[in-house]
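# Per-entry structural report
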Amino acid sequence: MKKLFKENYLILLLFLLLSTVLIGLVDWHLGYIFATGDFHYHLDRIETLASSIKHLNFWPKVDGHFIGGYGYASSLFYPDIFLYPAALLRVAGASPTISYLFTLIMINFVTMWIGYIAGKRLNLVPQKALLFTFIYTFNAYRLQTLFSRQDLGELMGMMFFPLVLSELINFKNGNFKQLHVLAFAMIGIGCSHTISLFMIICFSIMYVLLNIKSFLNKKKIIAILKAAGLTLGITAGIYLPILEQMHGQRYALTTDPLINITNEVISMQDLLKNSLMNQVFHADTVNIGAVILIGLIIYTIYNLSHTKNVDLTVIMLFFFVACTNIFPWKYLSHSVFAVIQFPWRFFSIISLIVAYLLSNDDLKLFDNKFFTCSFVLIIALLSIGLGQQTVSSSTDRLESYKTFNKIDSYYIGAGHEYLPSQVSYPEVLDHKNRVINYDSSNVDINDSTINRQYIAFNFNTYGKTAKIQLPLIYYKGYQTEVYGTGKSTSPRISKTGLTNIDLTGSGTVKIQYENTFIQKISLMISALTLLFVGLEFLNKKRHTYISVSDEVPIFVMPTEYNYVFVYQIVDGVDNITSTD
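Residues numbered from 1 in each chain as written. Predicted model: local features only at pLDDT ≥ 70, side-chain atom pairs only at ≥ 80, totals over all residues. Heavy atoms only, no water.

Quick look at the nonpolar core now. Grouped together as the largest cluster of nonpolar side chains are 162 residues, with contacts concentrated most on Ile67 and Phe457. Discounting chain neighbours no more than four positions away, the residues touching Phe457 are Ile436, Ile445, Asn446, Asp447, Ser448, Ile468, Leu470, Leu503, Gly507, Thr508, Val509 and Ile511. (Core = buried A, V, L, I, M, F, W, Y, C linked by side-chain atoms within 4.5 Å. Buried < 20%, exposed > 50% of the residue type's maximum accessible area, 1.4 Å probe, protein only. Contact = heavy atoms within 4.5 Å.)

Strand order in the open sheet made by the three strands is 1-2-3, with antiparallel pairing throughout. On the outer flanks of this sheet lie strand 1 (28-29) and strand 3 (398-400), each paired with one strand and no other. (Pairing = 2+ DSSP bridges. Helix = DSSP H or I, 4+ residues; strand = E, 2+ residues; numbered from the N terminus.)

Low pLDDT means the predicted atomic positions in that stretch should not be read closely. Averaged over every residue, the pLDDT of the protein chain is 90; residues scoring 70 or more account for 92%. When mean pLDDT is taken per element in the protein chain, helix 19 (residues 347-360) scores highest with 98 and strand 10 (residues 551-558) scores lowest with 51. This stretch, residues 546-554, has a pLDDT under 50; its non-local contacts, to residues over four places away or in other chains, come to 22 contacts. (pLDDT = per-residue confidence, 0-100.)

Now for the pairing of strand 5 (residues 455-473). Sheet topology places strand 4 (residues 444-450) next to strand 5; five bridges connect them, and they run antiparallel. For Asp444, the partnering residue across the bridge sits in strand 5 and is Asn460. Counting the residues between successive antiparallel strands, the hairpin from strand 4 to strand 5 contains four residues. Summarising the sheet, strand 5 and strand 9 (residues 498-513) pair through 13 bridges and their orientation is antiparallel. In the strand pairing of strand 9, Ile473 is matched with Leu498.

On to the packing of aromatic side chains. Any aromatic ring pair is given by two values, namely how distant the centres are and how the planes are angled relative to each other. In this structure the tally under the stated criterion is 31 aromatic pairs. Relative to Phe66, the ring of Tyr41 has its centre 6.3 Å away and its plane inclined at 45°; by these criteria the two rings are tilted. Placement of Tyr41 in helix 2 (residues 39-54) and of Phe66 in the loop between helix 2 and helix 3 (74-77) is noted, with a sequence separation of 25 residues between them. A relative accessible area of 7% means that Tyr41 is categorised as buried. Judged by centre distance (5.8 Å) and plane angle (85°), the ring pair of Tyr141 and Phe347 falls under edge-to-face. Taken as a pair, Tyr141 in helix 7 (residues 140-149) and Phe347 in helix 19 lie far apart in primary sequence, 206 residues in all. Under the relative-accessibility criterion, Phe347 is labelled buried at 0%. Through a chain of ring-to-ring contacts, the aromatic side chains of Tyr41, Phe66, Tyr72, Phe77, Tyr78, Tyr251, Tyr418 and Tyr475 assemble into a single cluster. Lying across the ring of Tyr78, Arg45 places its NZ or CZ 4.0 Å from the centre. One Lys or Arg, Lys220, reaches over the ring of Phe215 and ends 5.8 Å from the middle of that ring. (Phe/Tyr/Trp six-rings, centres within 6.5 Å; stacked < 30°, edge-to-face > 60°. Lys NZ or Arg CZ within 6 Å of the ring centre and 35° of its normal.)

Right under this line is the structure:
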């Protein structure tokens, strides 16, 4: 890591500068923030983490910050590991404005850094690795996601896409010993955005199937299985709890989806027109941009006519068609593939492939320095233009710092996907005061405490059984604790999606969210997998050495007490003979 910083610190400084300028030109204005898309929801996610950390809960799943204390399982269903730096800034006293802008800048910076590393792993010379990084980072769809949609999860998932591409190509070419790099990329995506993970798995499967002869090798299969095992182990703490919650309980995500994938396709004519014009993002103008479209056309013709990179070209074209109304999505609208919601999300993979094809430069276009400089300038101008057009077309989205810093916990995303299907969100909004519902003829309740961490109250049922409905949206994991002679049933879901318990006797009951057994076990699996990886790394580092049998002395220099031998590492040392 130190070597990586030392050798590339100027490039890293360039990435940091560009990342900051990109956000400064669009999202930050003197006294105002340009805020669009899902920013309210992501601010709430950051605030939830910060609130949990303040209460020494470093791994929240259901937090009472959301919905004014009713609680929402955002941290359970939506990976938020990469939001911890922003949350820690909030804990340290930074404003929501600072923490949010910091997150956007870091997303850009990490995207460039990983893109550059992936470019070098693709055996691109440093200049073309930089070109690959710039084309990918500044592609129109990614900028639309950054400027207009502000979908932080998808942006974070895209940070790792280039490494998946580089390692799949390396695996195909027989370079699979560094399988941990592929695992790292998949884990990064899995810790960012579930939909992006599904998309990149689809891409990977297609790539392997199109190169099945190259991958039908015992060592490669074992390497892929090891990478998959590491990915599953480390992400167990995220996905096992999701499966647990989904088992036996229905959510709006599946029973009342806001988005029908068949309504989100684009006509081929509109896609071509909007891309060539580098249109600002709207639901009906989303596009891949002129640079990516022209690159796609040029390298489709070249690759198919010269049978080069046919695998990537076929995948690129398939995803391109899948984003349009030509593709028969109506037959897949109720399949697992509908989970992507918007077919145009495949633009991210299309842009990745085109960025590689352009920077790989089979046409030798970038051997000409003037052409290279002109191309980079065009990308810069198009990016700045797209950013400025985005702001000018939505000036009503400029919010003052004061307004932006007002966190509203009732923003939970447009689709309310992670609410139990029984919950009527408008009805919840009508009861923000959060009251405990019960039949007063069956139970006396007094001295109640209702906050965002727990609910507690004294009760006496006078020998009866009393049903209590608590102002908590139900998720598996709520627990009751009774002090006194009374008893409580385990929390269960009510007809309205809230939390019910039955009480008998008298005492004090406290209800709060605790991690389930599955959540604890999954966290342990992730921790043990990380520990195993760490021990393996240390073990390899300790035993890494260069055998003297693989070295040839260049010269020997005498010193006062001993001799200094200088060696050169060579290949084929067995074929070297000494001459006297």
